Amino acid sequence: MNGVLIVIPARLESSRFPRKLLADASGKPLIYHTWSHAVKARRAQRVVIATDSVELAEVARSFGAEVVITSAECCTGTERIVEMYENGWDEFGIYVNVQGDEVELSGESIDKCILRLQDNNCDMATLASEFLPGEDILTQRVKVQLSDDGRYAKAFYRVKPPYLCYRHVGCYAYKPEILQEWHSFPHLRAEKLSLEQMRPFDAGKTIGTDIVGDAPAGIDTQEDYRSWFLRVVSQTPMNQEI
């Protein structure tokens, strides 16, 4: 097995911001912006969007994305990738999960996540970034505590962290073994906290990390979307791609 596959899991319904991946105040659906950055990752050979929504699949195909239809029973993005792996998408050496609402995650940062896993001293990899000036760390955004050298995740939090933490970025890189073992990992704490990465973490898997500087938080709420629009879209010249 070799090569890198980026999968963008995409669920249309969201409790805090329903149908957010199709929000198009920018002139293009939100999912397009995530995909357009992902396809610029140089270390990946293929990028696909995985969804159970026919409507979202049609929109994604309209702007040129490759789409895989996955089961509506999948509760997390990784479960969509596991389902793909179990249904024939098993030829890659690394699988990358880029959350569909990470509209500002660059291809360069995705490459850093891939490279961190290719160091071969961790079971999976993810990204972290410093909080933006004035950003409230008490929100439900996921925080990650790093090892002293910044190379490994030591803990994840949704509440106020007891230690200095970074903002967790919604990007993971997996070796096939993680996908093969996924169903056997502990799940109670992951479900309680709604943090899928706790499953391999609680199973004793090492999660390598890299710190990136160009990954403002993903879009969780309508307010996040308005903030992104005002900060990025409205400040971008009409002839320049976002």
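First, a word on scope: everything that follows refers to the structure included in this document. Everything quoted here is computed from the prediction, not taken from an experiment.

**As for helix α1 (residues 30–38)**
Owing to its 3.6 residues per turn, the α-helix brings residues three or four apart onto one side. The buried count for α1 comes to nine of nine residues, which makes it a mostly enclosed element. Residues of α1 that are buried include every one of L30, I31, Y32, H33, T34, W35, S36, H37 and A38, and no others. Taken together, the buried residues of α1 touch β1 (4–10), β2 (46–51), β4 (94–98), α4 (107–118) and α8 (222–231).

**Some remarks on the pattern of salt bridges**
Considering all chains together, one arrives at 10 salt bridges under this definition. Connected through shared salt-bridge partners, R116, D119 and R151 make up one network.

**Examining α4**
Relative to the 16 Å expected for 12 residues at 1.5 Å per residue, α4 spans 16 Å between its end C-alpha atoms, a close match to the ideal helical length. Listing the buried residues of α4 in full gives G107, S109, I110, D111, C113, I114, R116 and L117. Looking at the buried side of α4, the elements it contacts are β1, α1, β4, β5 (124–129), β8 (166–174) and β9 (207–211). Looking one or two residues past α4, N120 carries a phi angle of roughly 65°, positive in sign.

**Looking at the pairing of β5**
Regular strands show a simple pattern: their side chains alternate between the two faces of the sheet. Of all six residues in β5, six are buried, a share of seventy percent or more. Here β5 shows no split at all, with M124, T126 and A128 on one side and A125, L127 and S129 on the other all buried. In terms of strand pairing, β5 meets β8 through six bridges, oriented antiparallel. Across the sheet, T126 pairs through a bridge with Y172, a residue of β8. As judged from the five bridges shared by β5 and β9, these two strands associate in the parallel manner. The residue bridging L127 from the neighbouring strand is D210, located in β9.

**Side note on the environment of E223**
You can see E223 is positioned in helix α8. Assessed through its relative accessible area of 46%, E223 is described here as partly exposed. Each C-alpha atom of the pair E223 and D119 lies 38 Å from the other, and the pair is 104 residues apart in sequence. Looking at E223, its side chain comes within polar contact range of the side chain of R226, at 3.0 Å.

**Thoughts on unusual backbone geometry**
A positive phi angle is found at R19, which is not glycine, with a value near 60°. Here R19 shows up in the loop between β1 and α1. In this structure R19 comes out as partly exposed when scored by relative accessible area, which is 35%. If you check the backbone angles, S194 has positive phi at about 55° while not being a glycine.

Scoring rules and cut-offs
- Residues numbered from 1 in each chain as written.
- Predicted model: local features only at pLDDT ≥ 70, side-chain atom pairs only at ≥ 80, totals over all residues.
- Heavy atoms only, no water.
- Buried < 20%, exposed > 50% of the residue type's maximum accessible area, 1.4 Å probe, protein only.
- Helix = DSSP H or I, 4+ residues; strand = E, 2+ residues; numbered from the N terminus.
- Contact = heavy atoms within 4.5 Å.
- Salt bridge = Lys/Arg side-chain N within 4 Å of Asp/Glu carboxyl O.
- Expected span 1.5 Å × (residues − 1).
- Pairing = 2+ DSSP bridges.
- Polar contact = N/O pair within 3.5 Å; in protein donor to acceptor, adjacent residues only side chain to side chain.

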